[in-house]
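Summary of structural features
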Amino acid sequence: MKTFNTTAVCIPDRHYMVDLTTRLDAIKAMVDDGKYFTINRARQYGKTTTLKALEKYLAPDYIVISLDFQNLDHDTFETGGTFSQALARLLMDASEFKNIPIPEEFLGSFQKLDERNPDTVKMDELFRIFRRWCKSSHKPIVLLIDEVDSAANNQVFLDFLSQLRAGYIDRDTIPTFHSVILAGVTDVKNLKRKLRPEESHKLNSPWNIAADFNIDMSFSAEDIKGMLKSYEADHHTGMDIDKIARLIYDYTDGYPFLVSRMCQYLGEKMPGTARFQTKAASWTSDGVNEAARLIEGESNTLFESMIGKLYDYPELESIIRRILFNGEDIPYNPLEPSISQAVMYGFVKEKNGKLTVSNRIFETVFYNLFLTSQEMQKTEIWKAANREKYQFIENNQLNMERILERFVVTYNDIYGDKGEKFTEEEGRKYFLLYLKPIINGTGNYYIEARTRNNERTDIIVDYLGTQYGIELKIWHGNKSGI
């Protein structure tokens, strides 16, 4: 029986997957045109799964050399010699274990290169073997390398890119790879190398020949719908496929890991629990909301990587806070390093010329991170909410009107003398800070993106299947009691 997969590569015979054919057709068109390009997307965005499928998709027309730089040790990048020998070993292994048709002549050349003292090996020798192989091959050769981030900050890797670039420029007269595809999070086109070691201010890009890769690798609602149809054919839950696909898309904006993770919860983790005893009960609107809450509260490799980046690059945290708490319209400027970096890591995306957090789940994860920090838990309003939270639950439902009334009283008691400017800048943060301990562990909330600005914010709270809409608004008219 197939399952939903969120680890490593998705395999069609084992896992429920979206149909990749349209993406593979578009990528193959770039390969057919002889493009050199980079597939750079955020962590767990389906890059490796796409590359594995692409390898098979190209096989009828090309010889595909598929390598993974995760298999290279750090010491590999010490010199051009050690790097060239490591690549030679990867190619010999690819011939033996992946049946890549490397002629015996060139296998022997790779073997001889690997047996020499690395101090005597030059990277150009490796590329001379490549050129001879490309010249004699009965099919064009495509080089495909995954996880290039493992080498992205290494001078030896930049030298390797320079060799590829030189081959691309001279390919009308000297045989070389028909197409080269590099995959990773880092946009290799942005890497720079020194023209001369002593001239640190003179830099160029060894990968400025790469074509733009604009193929959308996120999942549309239609993609999700197709995957759910396959699941429904096996399990017969009676779900409303169109509705559930749209709800999953609304939470994830098609981020591949989040889509599959939500389906894992709905199909495999939640059924059999007290609240969702059957699969049919799980694949509902209520189930989707609960799956989102569970994901937002878990620790997984994607979230851990994202939070690590926030700690490593404080400017990224500043961007997220400005969007979430201040409602700022930050213009999208790809030449601004912090913005380019935030997009590259998948934290934000461009929408109508402005930055927005990539999806609703990421947004809530960031809110939870900022609101539950030790600093926030020391605030008086957090402490007040913790003291008062039990009075707001009646028959397993929230008394939202009571929450709003008590928040106004508590807020005015603690912050009432700080003025209107403080309320405009901090008000929404402190309301969420007050709300968080009350619903924590049971309820969930999210912000309607279309209303997040300096004047208005709509908050949707889901508590045990009941939803509440709350509008936060800056009131510029006459003062009232609340």
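In what follows, the accompanying structure is described. (Residues numbered from 1 in each chain as written. Predicted model: local features only at pLDDT ≥ 70, side-chain atom pairs only at ≥ 80, totals over all residues. Heavy atoms only, no water.)

Let's talk about the packing of aromatic side chains
The description of an aromatic ring pair uses the distance of the two centres, along with the angle that the planes make with each other. Put simply, the rule is: Paired rings are identified among Phe, Tyr and Trp, the last through its six-membered ring, by centres lying within 6.5 Å, and are further divided according to the angle between planes into stacked (under 30 degrees), edge-to-face (over 60) and tilted (the rest). A run of H or I in DSSP becomes a helix once it reaches four residues, and a run of E becomes a strand once it reaches two; helices and strands are each numbered from the N terminus. Summary of the burial criterion: residues with accessible area below 20% of their type's maximum are buried, those above 50% are exposed, and those between are partly exposed, where the area comes from a 1.4 Å probe applied to protein chains only. Note on geometry: a ring has a charge over it if NZ (lysine) or CZ (arginine) is within 6 Å of the ring centre and within 35 degrees of the ring normal.
One pass over the full model with this rule turns up 38 aromatic pairs. Relative to tryptophan 133, the ring of phenylalanine 110 lies with its centre 6.5 Å away and its plane at 70 degrees, an arrangement referred to as edge-to-face. One end of the pair, phenylalanine 110, is in helix α4 (residues 104–115); the other, tryptophan 133, is in helix α5 (residues 123–136), with 23 residues separating them in the sequence. Residue class for tryptophan 133 comes out buried when judged on its relative accessible area of 1%. A cation over an aromatic ring shows up here: lysine 269 above the ring of tyrosine 265, its NZ or CZ 5.7 Å from the ring centre. Positioned above the aromatic ring of phenylalanine 325, the side-chain terminus of lysine 429 is 5.8 Å from the ring centre.

Considerations on the layout of surface pockets
Operational definition: Grid points spaced at 1 Å and placed over the protein atoms alone form the basis of the search, with a cavity being a set where a 1.4 Å probe fits but cannot get out and a pocket an open set showing protein on both sides within 12 Å along at least five of seven lines. Lining residues have an atom within 4 Å of a point. Grid points are joined across faces, edges and corners, and a volume is the space filled by probe spheres set on the points. The nonpolar class holds Ala, Val, Leu, Ile, Met, Phe, Trp, Tyr, Cys and Pro. Asp, Glu, Lys and Arg form the charged class, and all remaining residues, Gly among them, are polar.
Estimated volume of the largest pocket: approximately 1,400 Å³. Looking at the largest pocket, it is lined by 47 residues, and the ones nearest its centre are Asn40, Arg41, Ser340, Val343 and Met344. Those elements that provide at least two residues to the lining of the largest pocket are β1 (36–40), α8 (241–252), α12 (301–312), α14 (337–344) and β7 (348–351). The element best represented in the lining of the largest pocket is α14, accounting for four residues. Residues of the lining of the largest pocket, tallied by class, amount to 21 nonpolar, 15 polar and 11 charged.

Some points on the nonpolar core
Convention followed: In these notes, a set of buried Ala, Val, Leu, Ile, Met, Phe, Trp, Tyr and Cys residues joined through side-chain atoms within 4.5 Å is what counts as a nonpolar core. Two residues qualify as a contact provided that any one of their heavy atoms is within 4.5 Å of a heavy atom in the partner residue.
Among the nonpolar cores identified, the biggest contains 109 residues, and Leu228, Ile248, Met262, Trp283, Phe366 and Val461 are the most heavily contacted of them. Take this core: its biggest share by element is nine residues, from helix α19 (residues 420–439). The contacts of valine 461, once residues within four sequence positions are left out, are Leu398, Met400, Leu435, Ile439, Asn444, Tyr445, Thr466, Gln467, Tyr468 and Ile470. Grouped together as the second largest cluster of nonpolar side chains are 47 residues, Leu72, Phe106, Leu161 and Phe177 included.

Some thoughts on helix α7 (residues 221–235)
Rule in force here: The span one expects for a helix is its residue count, reduced by one, times 1.5 Å.
Over its 15 residues, α7 runs 20 Å from end to end, which matches the ideal 21 Å to within 8%, given 1.5 Å per residue. Along α7, the residues that are buried comprise Ala221, Asp223, Ile224, Lys225, Met227, Leu228, Tyr231 and Glu232. Here the buried face of α7 lies against α1 (21–32), α8, α9 (256–269) and α10 (279–282). One or two residues past the end of α7 sits histidine 236, with phi positive at roughly 55 degrees.

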